Amino acid sequence: MQFLRRAYERFAALLHELLKFGTVGALAFVIDFGGTNLLRFGVGLGPLTSKTIATVVAATFAYLGNRFWTFRHREQTGLAREYVLFFLLNGIGLLISLLVISFVEYTLGLHDALSYNVAQIIGLVLGTMFRFWSYKKWVFLAAPDLPPVEGVEAQAGPLTTR
């Protein structure tokens, strides 16, 4: 029974983190996707420059949201360490997106808004999968388990049924 309870608690905690991560991610998506389109088609910047600028802004938002909301219960190993790792890992996620966009823009020669946005979505999905895994592994570490308190049972006395 204890095994099932622990399994349920772990699943519930993971689901809770995923929902918060998804909320922060959805807002960061609006910043990233909307900003990229605004810079690309509104301002007229290049496809990779637009994506890079919007992603940096969205990543800053995502860091703050994930550190102070999604993973606030996890161990804090120093904001400087987390910040550097977070942006390094976001750089890898950005690289994944840029590779997909580059393939569509320069290899396939598709320069229309629909093709660009489909490439953005594919790159974003692949990059998000990488980021969720890597944040949990290297940035927002699991809180250490607290050691059991000795003597609690002795102080309370043995449990008896009458």
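Note that the structure is a prediction, hence the values are computed from the model and not measured.

On average, the protein chain scores 83 in pLDDT, and the residues at 70 or more come to 84%. Within the protein chain, the lowest mean pLDDT, 47, falls on helix α5 (residues 152-156), and the highest, 91, falls on helix α2 (residues 47-70). For residues 152-162, every residue scores under 50 in pLDDT, and the model assigns this stretch 1 contact once sequence neighbours within four places are set aside.

With 42 residues, helix α1 (residues 2-43) should reach 62 Å at 1.5 Å per residue; the first-to-last C-alpha distance of 59 Å fits that figure. Its buried side turned inward, α1 meets α2, α3 (79-107) and α4 (113-139). Directly beyond the C-terminal end of α1, a positive phi value near 95° is found at Gly-44.

Attention shifts here to the packing of α2 against α3. Contact pair α2 / α3: the axes reach a minimum separation of 9 Å and the direction vectors enclose 145°. Considering the relative orientation of α2 and α3, their crossing is right-handed. The residue makeup of the contact of α2 with α3, split by class, is 15 nonpolar, 7 polar and 4 charged.

What follows is about the pattern of salt bridges. Overall, the coordinates contain 3 salt bridges when judged by the stated rule. Among the ionic pairs, Asp-32 bridges to Lys-51, the shortest N-O distance being 3.0 Å. Residue Asp-32 is located in helix α1, and its partner Lys-51 is located in helix α2; the two are separated by 19 residues in the primary sequence. The two residues Asp-32 and Lys-51 agree in class, both being buried.

Now for empty space enclosed by the protein. Taken as a whole and assessed by the stated rule, the structure comprises 1 cavity of 30 Å³ or more. In this structure, the largest cavity occupies an estimated 30 Å³ of space. In this structure, the largest cavity is lined by Asp-32, Lys-51, Thr-55, Gly-93, Leu-94, Ser-97, Leu-124 and Arg-131. No other element matches α3, which puts 3 residues into the lining of the largest cavity. Among the residues forming the lining of the largest cavity, the class breakdown is 2 nonpolar, 3 polar and 3 charged.

So, how was this worked out
Residues numbered from 1 in each chain as written. Predicted model: local features only at pLDDT ≥ 70, side-chain atom pairs only at ≥ 80, totals over all residues. Heavy atoms only, no water. pLDDT = per-residue confidence, 0-100. Helix = DSSP H or I, 4+ residues; strand = E, 2+ residues; numbered from the N terminus. Contact = heavy atoms within 4.5 Å. Expected span 1.5 Å × (residues − 1). Axes fitted to C-alpha atoms, helices over the stretch in contact; angles between N-to-C directions. Left-handed = near helix turned anticlockwise from the far one by under 90°. Nonpolar A, V, L, I, M, F, W, Y, C, P; charged D, E, K, R; others polar. Salt bridge = Lys/Arg side-chain N within 4 Å of Asp/Glu carboxyl O. Buried < 20%, exposed > 50% of the residue type's maximum accessible area, 1.4 Å probe, protein only. 1 Å grid on protein atoms, 1.4 Å probe; cavity = no way out; pocket = protein on both sides within 12 Å on 5 of 7 lines; lining within 4 Å. Points joined across faces, edges and corners; volume = space filled by probe spheres on them.

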